[in-house]
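Observations on chain architecture
This is what each chain is made of:
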Amino acid sequence: MSDIGGALSRLSLRFVDPALERDYQSTVAASNGQQLRMGILAGLALWLSGMVLIPLALSVDTAVVALICAGMAALNVVGYLATRWATTLDRQQVIGLTLNGSAGLAVLVLSETVGMDESLAAPAILLVAIFAFVVLRLRFILAFVAAGTYLVGFAVVVAARPAPAAILELFLVAAAIVVGLAATYLLEQGARDVFAQRRFIETQAVALAEAHATSERLLLNVLPAKIAERLEAGETTIADWFDDATVLFADLVGFTPLATRLEPRATRDLLDRLFTGFDERAERHRLEKIKTIGDAYMIVGGVPEPSTDHPARVVAFGLDLFDLVALVAADLGLPLALRIGIHTGPVVAGVVGTHKFSYDLWGDTVNVASRLQSHGVAGSLHISETTWLRVRELEMVQASSRGPMELKGRGSMATFLATRRSVA
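Not measured: the values here are computed from a predicted model. (Residues numbered from 1 in each chain as written. Predicted model: local features only at pLDDT ≥ 70, side-chain atom pairs only at ≥ 80, totals over all residues. Heavy atoms only, no water.)

A closer look at the packing of helix H1 (residues 18–57) against helix H2 (residues 62–82)
Packed helix pairs are characterised by how far apart their axes lie and by the angle those axes make with each other. Where H1 contacts H2, the axes come no closer than 9 Å and their chain directions differ by 170 degrees. On the basis of their axis angle, the class for H1 and H2 is roughly antiparallel. In this structure, H1 contributes Arg 37, Ile 40, Leu 41, Gly 43, Leu 44, Trp 47, Leu 48, Gly 50, Met 51, Ile 54 and Pro 55 to the contact, and H2 contributes Thr 62, Val 65, Ala 66, Cys 69, Ala 70, Met 72, Ala 73, Asn 76, Val 77, Gly 79 and Tyr 80. Among the residues making up the contact of H1 with H2, the classes are represented as 16 nonpolar, five polar and one charged. (Axes fitted to C-alpha atoms, helices over the stretch in contact; angles between N-to-C directions. Helix = DSSP H or I, 4+ residues; strand = E, 2+ residues; numbered from the N terminus. Parallel < 35°, antiparallel > 145°, perpendicular 65-115°, else oblique. Contact = heavy atoms within 4.5 Å. Nonpolar A, V, L, I, M, F, W, Y, C, P; charged D, E, K, R; others polar.)

Below, the structure written as structure tokens:
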């Protein structure tokens, strides 16, 4: 048998893996219980019928027949009641084995004590065997024990009166039981193979689902959810124009000389603490982080979900960054300061790369925001006039004009230094 399905013991047909065997027994027991109860009721009906029909059809001792049939009927009733206890497959099989083996022996006792002809005992033995293989669905090893018991008993009966016809009947009964046992073996083996393979497939499906979920989480770590959905839907080229977006660049002032004084692990831990805090605040303000480059941080508002309030959310985010950096600087005793540039305008946004995806922005708005950051003042938001006109009504912010400023690649433009308004 393939290792995919799980190894089986050749004789008992039990799974070598105990956990898989317990799982199989638990699953089969749930469906086998009703089958067992129906088989017991059928056996009860047959014994009660035999109590009436055998004396009518044969000249036999009615009392003995009644005693044996009634005893077997009572045993079936006890077996039926015991099925409430039989919550596991092994317990159900014990009940089936007990009833079936007893039935075979009862047939042999009837044959000997009341003088039944072997020609009648043979089909009765076959009926009992059919119950073992089909109705009670005994596992191969138990069906082998049950059928072997009454087959040996039948052989003893025939040996006591070795008539040619009786020997032929013994041969036919034995052959039928061997065929039945072979079929039972193959059916149980097949059922266990199917079960094990189904469990393997289910396990693989769970693993695949977990891998897919992990892949999605990783994808969402580098791409906006809406963009990730488009990629998963089969879109290969993603590039969108946005008429209105607000871009922010933040940079740690003097970080390069500071990093040369710190241990590599301390440098990494500092940036991780800061950028993790930045990410949390970006999510709180419903902004999209674009990337980090060294000690620089870039986010955008209004992309990829268009909105009208993104300038206010980006400015509020920038003010929160100043508070966070001041808190970390005081906690670690380090000279940390932040310079931030913000501009509002149109951008192009899209995904680049095939193996390592990146969601990025391009356009004049991005360049202006970067220039404003590089010309900014630590502790103040250096914002364009376009952005300031969109946020000047906010109670939290105040600004002062820096006048016209020459920006490389853009020329002269009015800019403002914005800070958090003091609470009176």
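Let's talk about a nonpolar patch on the surface
On the surface, Met 38, Leu 41, Val 77, Tyr 80 and Leu 81 cluster together into a nonpolar patch covering about 440 Å² of accessible area. Mapped by element, the contributors of at least two residues to the nonpolar patch are H1 and H2. Top element by residues in the nonpolar patch is H2. It accounts for three residues. By the element assignment, Leu 81 lies in helix H2. (Patch = residues over 30% accessible without salt bridge, like charges linked within 9 Å, V, L, I, M, F, W, Y side chains within 5 Å. Areas by Shrake-Rupley, 256 points an atom, 1.4 Å probe, with all protein chains shown as cover. Salt bridge = Lys/Arg side-chain N within 4 Å of Asp/Glu carboxyl O.)

Remarks on the pairing of strand S5 (residues 358–362)
A regular strand carries its side chains on alternate faces of the sheet. As judged from the five bridges shared by strand S4 (residues 338–352) and S5, these two strands associate in the antiparallel manner. Counted as the bridge partner of Val 351 is Tyr 359 from S5. Where S4 folds back onto S5 in an antiparallel hairpin, the turn is made up of five residues, including Gly 353, whose phi is positive at roughly 95 degrees. (Pairing = 2+ DSSP bridges.)

A word on the pattern of salt bridges
According to the stated counting rule, one finds 22 salt bridges in the structure shown. Salt-bridge contacts for Glu 235 lead to Arg 230; the nearest nitrogen and oxygen are separated by 2.8 Å. The exposure class of Glu 235 is partly exposed, given its relative accessible area of 32%. As a salt-bridge pair, Asp 244 and Arg 390 come within 2.8 Å of each other at their nearest N and O atoms. Taken together, the residues Asp 244 in strand S1 (residues 239–252) and Arg 390 in helix H12 (residues 385–391) connect sequence positions 146 residues apart. Exposure remark for Asp 244: the relative accessible area of 26% places this residue in the partly exposed category. According to the relative accessible area criterion, Arg 390 is partly exposed, its value standing at 36%. (Buried < 20%, exposed > 50% of the residue type's maximum accessible area, 1.4 Å probe, protein only.)

Some remarks on the confidence of the model for the protein chain
With 97% of its residues at a pLDDT of at least 70, the protein chain reaches an overall mean of 90. The spread of mean pLDDT over the elements of the protein chain runs between helix H7 (residues 225–232), the lowest at 82, and strand S6 (residues 381–384), the highest at 97. (pLDDT = per-residue confidence, 0-100.)

Here we look at helix H11 (residues 364–374)
For H11, the set of buried residues is Thr 365, Val 366, Val 368, Ala 369, Leu 372 and Gln 373. Projected onto a plane normal to the axis of H11, the buried residues spread over an arc of 165 degrees and lie on a single side. (Arc of directions from axis to C-beta.)

What about unusual backbone geometry?
Where the residue is not glycine, phi is negative for most of them; where a peptide bond is considered, it is trans in most cases. Omega for the bond connecting Val 303 with Pro 304 falls within 30 degrees of zero, at -5 degrees, which places this linkage in the cis form. In this structure, Pro 304 sits in the loop between strand S3 (296–301) and helix H10 (310–332). Even without glycine at this site, Leu 13 takes up a positive phi of about 60 degrees. Within the secondary structure, Leu 13 sits in the segment before H1.

Section: the side chain of Thr 387
Relative to the helices and strands, Thr 387 is located in helix H12. Apart from the residues within four sequence positions on either side, Thr 387 is in contact with Val 315, Ile 342, His 343 and Thr 344.

Quick look at the environment of Leu 99
Inspection of the secondary structure assignment puts Leu 99 in helix H3 (residues 89–113). For Leu 99, a relative accessible area of 8% corresponds to the buried category. Taking the C-alpha atoms as reference points, Leu 99 and Ala 326, separated by 227 residues in sequence, lie 83 Å from one another. Once residues within four sequence positions are removed from consideration, Leu 99 is found in contact with Ile 40, Met 72, Leu 75, Asn 76 and Gly 79.

A closer look at the pairing of strand S8 (residues 411–420)
Judged from the four bridges that link them, S6 and S8 form a sheet pairing that is antiparallel. Counted as the bridge partner of Ser 384 is Thr 415 from S8. Looking at chain direction, strand S7 (residues 397–407) and S8 are connected through ten bridges and run antiparallel. Note on S8: the bridge partner recorded for Gly 403 is Thr 415. Taking the residues between adjacent antiparallel strands as the criterion, S7 and S8 are bridged by three residues, where Gly 409 takes a positive phi near 85 degrees.

Points about the packing of aromatic side chains
Under the counting rule described, the total for this entry stands at ten aromatic pairs. Seen in terms of ring centroids, Phe 140 and Phe 144 are 6.2 Å apart; in terms of plane orientation they differ by 40 degrees. Their pairing is tilted. Separated by four residues within a single helix, Phe 140 and Phe 144 lie in helix H5 (residues 140–160), roughly one turn from each other. Note on Phe 140: relative accessible area 12%, which makes it buried. By relative accessible area, which is 46% here, Phe 144 ends up partly exposed. Between Phe 275 and Phe 278 the ring centres are 5.6 Å apart and the planes differ by 55 degrees, which places this aromatic pair in the tilted class. With Phe 275 and Phe 278 both in helix H9 (residues 264–284) and three residues apart, this pair spans about one turn of that helix. (Phe/Tyr/Trp six-rings, centres within 6.5 Å; stacked < 30°, edge-to-face > 60°.)

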